[in-house]
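# Analysis of the macromolecular model
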Amino acid sequence: MRFYLCLWLVIWPLFAVSQDDRTPINPAMHIRIAAEDNWPPFSDQQGRGLSETLVKAAFATQGYQITTVTVPYARALRLTRLGTTDACWNVTRQQNTERDFILHKIPLFTANSSFYYYRQPKPYLSVAQIPNGAVVGVILGYEYGDLYEQHKHRFRLVEVSTHAQLIALLDSNKLDLAIFFDEVLRYYLQQEAIKAEHIQRGELNYSSEIYLAFNKENPQSSKRAAALDAGIVQLKKSGLYQKLLLGIRADVVSSDDPLYKRTGGSR
């Protein structure tokens, strides 16, 4: 994205490490993160996007370096639970994630998920109103809020690994509805390889605060979580945080946005 090319020139000095620098990484100041591969513009197939940019910049202000391993989201959670990686990003704060991980206090950002339908939206205002036995499409391992967790046992869940699969299922009328994060779906619908003509947005499902989740057994996790919070505060004070957030959203939502046209320009 053009936005990232320009942005890199601004934030590179915050966390650049010269290729000629042979100084060994201090293990105590190095964090290995499982980066999901299916949530652009926040984390794409290479684990790149807003999440990486924010986390790397925030940690750099506190002297930390990160490396990433890119995997599907469900596996990222598993690797972090096992301690194979120190943390994973794009985790929603809800009862099960607070139980399984250590989360920092200040969210990286907020992302909305909504109900989506084939051709005609239904008047469901929450998952509590979705009828028993409804065929609901979701991404495997994703969090959609505590209310969803309470009601998902009532549905015939179709859990898939990629957004392309979920879009194809909904656009071919094989689901009663699907739940997508709005900005992620917008991103995919703007790709030439994705063909979808019949998807309509309904009501908001949940506004998710997004976090980095740390392994609960690692004695360094609480310290690292506090360092990330301190870094986010510093980015906000400098104004860089706001530039990053506004830039990514302006880059994704354009006048050619298919969902913009289908919903009369509502956001």
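Analysis parameters
Residues numbered from 1 in each chain as written. Predicted model: local features only at pLDDT ≥ 70, side-chain atom pairs only at ≥ 80, totals over all residues. Heavy atoms only, no water. Helix = DSSP H or I, 4+ residues; strand = E, 2+ residues; numbered from the N terminus. Buried < 20%, exposed > 50% of the residue type's maximum accessible area, 1.4 Å probe, protein only. Contact = heavy atoms within 4.5 Å. Arc of directions from axis to C-beta. Axes fitted to C-alpha atoms, helices over the stretch in contact; angles between N-to-C directions. Parallel < 35°, antiparallel > 145°, perpendicular 65-115°, else oblique. Nonpolar A, V, L, I, M, F, W, Y, C, P; charged D, E, K, R; others polar. Phe/Tyr/Trp six-rings, centres within 6.5 Å; stacked < 30°, edge-to-face > 60°. Lys NZ or Arg CZ within 6 Å of the ring centre and 35° of its normal. Salt bridge = Lys/Arg side-chain N within 4 Å of Asp/Glu carboxyl O. Pairing = 2+ DSSP bridges.

### So, the environment of Asp37
Here Asp37 lies in the loop between β1 (30-36) and α2 (50-60). Judged by relative accessible area, which is 24%, Asp37 ranks as partly exposed. For the pair formed by Asp37 and Thr162, sequence separation is 125 residues and the distance between their alpha carbons is 9.1 Å. Contact partners of Asp37, with chain neighbours within four places excluded, come to Ser43, Asp44, Gln45, Thr70, Val71 and Pro72.

### Here we look at helix α3 (residues 73-82)
Within α3, the full set of buried residues consists of Tyr73, Ala76, Leu77, Leu79 and Thr80. Taken around the axis of α3, the buried residues stretch over an arc of 165°, which confines them to a single face. Opposite the buried face of α3, by more than 90 degrees, sit the exposed residues Arg78 and Leu82. For α3, the secondary structure elements touched by its buried residues are β1, β2 (65-71), β3 (87-92), β4 (101-103) and β9 (199-215). Of the residues trailing α3, Gly83 is marked for its positive phi of about 85°.

### Here's the deal with the packing of α2 against helix α8 (residues 221-238)
With their axes 7 Å apart at the nearest point, α2 and α8 run at an angle of 95° to one another. Relative to α8, α2 is oriented roughly perpendicular. Residues Leu54, Val55, Ala57, Ala58 and Phe59 of α2 lie in contact with α8, whose contacting residues are Arg224, Ala227, Leu228, Gly231, Ile232 and Leu235. The class makeup of the residues in the contact of α2 with α8 is nine nonpolar, one polar and one charged.

### A short note on the packing of aromatic side chains
Any pair of aromatic rings gets described here by the distance separating the centres and the angle formed by the planes. Within this structure, the stated rule accounts for 14 aromatic pairs. The interplanar angle of 40° and the centroid separation of 4.6 Å between the aromatic rings of Trp39 and Phe42 together place this pair among those described as tilted. Both residues of the pair, Trp39 and Phe42, count as buried. On the basis of an interplanar angle of 45° and a centroid distance of 6.2 Å, the ring pair of Tyr142 and Tyr144 is categorised as tilted. Its relative accessible area of 8% is what places Tyr142 among the buried residues. Following the ring pairs from residue to residue traces out a cluster consisting of Trp39, Phe42, Tyr73, Phe109, Tyr142, Tyr144, Tyr148 and Phe181. Above the ring of Tyr211, the side-chain terminus of Arg93 is found at 4.4 Å from the ring centroid. Between Lys236 and the ring centre of Tyr241, over which it is positioned, the NZ or CZ distance is 4.9 Å.

### Concerning the pattern of salt bridges
A side chain of one charge can pair with a side chain of the opposite charge if their charged atoms are brought near each other. The tally for this structure, following the rule as stated, stands at seven salt bridges. Taking the shortest distance from any N to any O, the salt bridge between Asp86 and Arg224 comes out at 3.6 Å. With Asp86 in the loop between α3 and β3 and Arg224 in helix α8, this pair connects stretches of sequence that are 138 residues apart. Considered together, Asp86 and Arg224 belong to a single accessibility category, that of buried residues.

### Notes on the pairing of β1
Counting buried residues in β1 gives six out of seven residues, a clear majority hidden from the surface. For β1 and β2, the ladder comprises seven bridges, and the chain directions are parallel. For Glu36, the partnering residue across the bridge sits in β2 and is Val71. Where β1 and β3 come together, two bridges link them in parallel fashion. The residue of β3 that forms the bridge with Ile33 is Ala87.

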